[in-house]
Amino acid sequence: MTTTPVRKIPAPASAAGGEPPSEERRLKARSRRGGRPRTAAEWVLMILGVLGALIVIFPILLLLINAFKSPSDYSTSSPLDLPRSFDLTGIQTFWEQNNFPRALWNSIFISTMVAFLAVILSVLNSFAIGIGRVRGRTWLVLLFLMANLVPQEMLFDPLFTLYDDLGLLSNSWSVIITFVVIQSAFGTYLLSSLLGTFPKEILEAAAVDGASRWRILRSIIVPVVRPTLSVLMVFFFIWTWNEFLLPLAFLNTSDSLTVPLVLEQLSGERQTDTTTLIAGTLISIIPTIIFFLIFQRTLTRGITAGAVK
């Protein structure tokens, strides 16, 4: 009697340990390439981000195109046309005739001093309000918040009279003192809210170990909030660099002018040297771009530090 051989049905490749099916291979390859595919919402956000970047870059591109045009080339061509020849007359005129190196130093000195002093004052104020638990803490924080809502035009007359009596007009310290107070009001409001939630157990343990208040501030508080302090310093520098109204009131001599004030002098009532103004604007934004690139990693760490406990 003959027996018919039983034909075995092969098990699926994924179960038998062989090659996985094509769909499973595609999923694994996709996971190795970077995870799941992007959703429609993610594509929309990415496109909006690219469009936003192009909108931001467009004015800088216009500056680069027109800063190297001669006056005749600029007057006979469109702002979007490339220059016919590489002309440095506008940059040279702005650099030599407007005492730009001095204005550049004034802006760097004022912005740097304001950034450092405002951060230090903000830390001291917020330590007293947030950690020290002074009476009327909520009203003090509200007062610092309201200080940022005062229009700068209201400060012209009283501050001008004060600095005139003190002999600080046309002196960089008049602008430094003013903006240290203004910027530190915002920094105090921000840091007071942050330090108000600081764990008491850490402070009590440091006090039991014999740490003074200054040691607690220097060795515990500042290292914890250092990313936030870095962000504040970057913003204080950029905000002060772009200030125009109050420096216009306090700085009156040619040796005390800042970069925005030098640019304002190029805009006449009846005639404006457009190519020199464009070249000066291009030169004036280079230091802030360099400053941002140097502290970009610090800024990114400070912004993302609050997202992770």
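Just so you know, these numbers come straight off a predicted model, no measurement behind them.

What counts, and where the lines are drawn
Residues numbered from 1 in each chain as written. Predicted model: local features only at pLDDT ≥ 70, side-chain atom pairs only at ≥ 80, totals over all residues. Heavy atoms only, no water. Helix = DSSP H or I, 4+ residues; strand = E, 2+ residues; numbered from the N terminus. Buried < 20%, exposed > 50% of the residue type's maximum accessible area, 1.4 Å probe, protein only. Contact = heavy atoms within 4.5 Å. Areas by Shrake-Rupley, 256 points an atom, 1.4 Å probe, with all protein chains shown as cover. Phe/Tyr/Trp six-rings, centres within 6.5 Å; stacked < 30°, edge-to-face > 60°. Salt bridge = Lys/Arg side-chain N within 4 Å of Asp/Glu carboxyl O. Core = buried A, V, L, I, M, F, W, Y, C linked by side-chain atoms within 4.5 Å. Lys, Arg positive; Asp, Glu negative; His and termini not counted. Polar contact = N/O pair within 3.5 Å; in protein donor to acceptor, adjacent residues only side chain to side chain. Patch = residues over 30% accessible without salt bridge, like charges linked within 9 Å, V, L, I, M, F, W, Y side chains within 5 Å. Axes fitted to C-alpha atoms, helices over the stretch in contact; angles between N-to-C directions. Parallel < 35°, antiparallel > 145°, perpendicular 65-115°, else oblique. Left-handed = near helix turned anticlockwise from the far one by under 90°. Nonpolar A, V, L, I, M, F, W, Y, C, P; charged D, E, K, R; others polar. 1 Å grid on protein atoms, 1.4 Å probe; cavity = no way out; pocket = protein on both sides within 12 Å on 5 of 7 lines; lining within 4 Å. Points joined across faces, edges and corners; volume = space filled by probe spheres on them. pLDDT = per-residue confidence, 0-100.

Draft legend 1. Summary view of the overall build of the protein chain. Counting its secondary structure elements, the protein chain contains 15 helices and zero strands. Counting only residues that meet the buried cut, the protein chain has 32% of its 309 residues in that class. Contacts spanning at least 24 positions in sequence make up 70% of the contacts within the protein chain whose residues lie at least 6 apart. When the accessible surface of the protein chain is split by element, carbon and sulfur atoms take 65% of a total near 19,900 Å².

Draft legend 2. Structural context of the packing of aromatic side chains. Taken as a whole, this structure holds ten aromatic pairs when the rule is applied. Seen in terms of ring centroids, Phe-235 and Trp-239 are 5.6 Å apart; in terms of plane orientation they differ by 20°. Their pairing is stacked. With Phe-235 and Trp-239 both in helix 11 (residues 213-241), this residue pair falls four residues apart, about one helical turn. Trp-239 sits in the partly exposed class, given a relative accessible area of 34%. Ring centres of Phe-237 and Trp-241 lie 6.0 Å apart, and the angle between their planes is 25°; this geometry places the pair in the stacked category. Placement of the pair is Phe-237 and Trp-241 together in helix 11, with a separation of four residues, close to one helical turn. For Phe-237, a relative accessible area of 6% corresponds to the buried category. Feature note: the residues Phe-186, Phe-235, Phe-236 and Trp-239 constitute an aromatic cluster, connected by ring pairs.

Draft legend 3. Spatial organisation of the pattern of salt bridges. Under the defined criterion, the tally for this structure stands at one salt bridge. A salt bridge links Arg-84 to Asp-73, with the nearest nitrogen and oxygen atoms 2.7 Å apart. With Arg-84 in the loop between helix 4 (71-75) and helix 5 (89-97) and Asp-73 in helix 4, this pair connects stretches of sequence that are eleven residues apart.

Draft legend 4. View of the side chain of Thr-93. The residue Thr-93 is located in helix 5 in this model. Setting aside anything within four residues of it in sequence, one finds Thr-93 in contact with Asn-98 and Thr-276.

Draft legend 5. The arrangement of the nonpolar core in detail. Judged by nonpolar contacts, the single largest core of 47 residues is most densely connected at Phe-94, Ile-131, Phe-198, Ile-221 and Phe-250. Listing elements by their share of this core, those giving two or more residues are helix 6 (100-131), helix 8 (156-166), helix 9 (172-195), helix 10 (200-208), helix 11, helix 12 (245-250), helix 13 (259-265) and helix 14 (274-294). Ranked by size, the runner-up nonpolar core spans six residues in total, among them Ala-67, Phe-68, Ile-278 and Leu-282.

Draft legend 6. Just the side chain of Asp-87, in detail. Along the chain, the position of Asp-87 falls in the loop between helix 4 and helix 5. We note that Asp-87 is buried and unpaired, the nearest opposite charge coming from Arg-84 at a distance of 11 Å. A distance of 2.7 Å separates polar atoms of two side chains, one belonging to Asp-87 and the other to Thr-89. Once residues lying within four places of it in the same chain are set aside, the contact partners of Asp-87 are Ala-67, Phe-68, Lys-69 and Ser-70.

Draft legend 7. Summary view of a nonpolar patch on the surface. A cluster of nonpolar side chains, namely Val-56, Ile-57, Phe-58, Ile-60, Leu-61, Leu-64, Leu-80, Ile-289, Phe-292 and Leu-293, defines an oily patch on the protein surface of about 900 Å² accessible area. Of all elements in the fold, only helix 3 (40-66) and helix 14 reach the threshold of two or more residues within the nonpolar patch. It is helix 3 that provides the largest number of residues to the nonpolar patch, a total of six residues. Relative to the helices and strands, Leu-293 is located in helix 14.

Draft legend 8. View of the packing of helix 6 against helix 11. One way to put it is that helix 6 packs onto helix 11 with a least axis distance of 8 Å and a crossing angle of 140°. Taken together, the axis directions place helix 6 and helix 11 in an arrangement best described as oblique. The two elements helix 6 and helix 11 meet at a crossing, and its hand is right-handed. Across the contact of helix 6 with helix 11, the residue classes tally to 21 nonpolar, five polar and one charged.

Draft legend 9. Broad picture of empty space enclosed by the protein. What the rule picks out here adds up to one cavity of 30 Å³ or more. Size it by volume and the largest cavity reaches roughly 60 Å³. As for the largest cavity, its lining consists of Ser-107, Ile-110, Ser-111, Val-175, Thr-240, Trp-241, Glu-243, Pro-247 and Thr-258. Within the residue set of the lining of the largest cavity, elements represented by two or more residues are helix 6 and helix 11. With three residues, helix 6 is the largest single contributor of residues to the lining of the largest cavity. Residue classes in the lining of the largest cavity are distributed as four nonpolar, four polar and one charged.

Draft legend 10. Local environment of the confidence of the model for the protein chain. Chain-level statistics for the protein chain give a pLDDT mean of 81 and a share of 82% at 70 or above. Here residues 13-17 is modelled with pLDDT under 50, and outside its nearest four sequence neighbours on either side it reaches six contacts, counting other chains as well.

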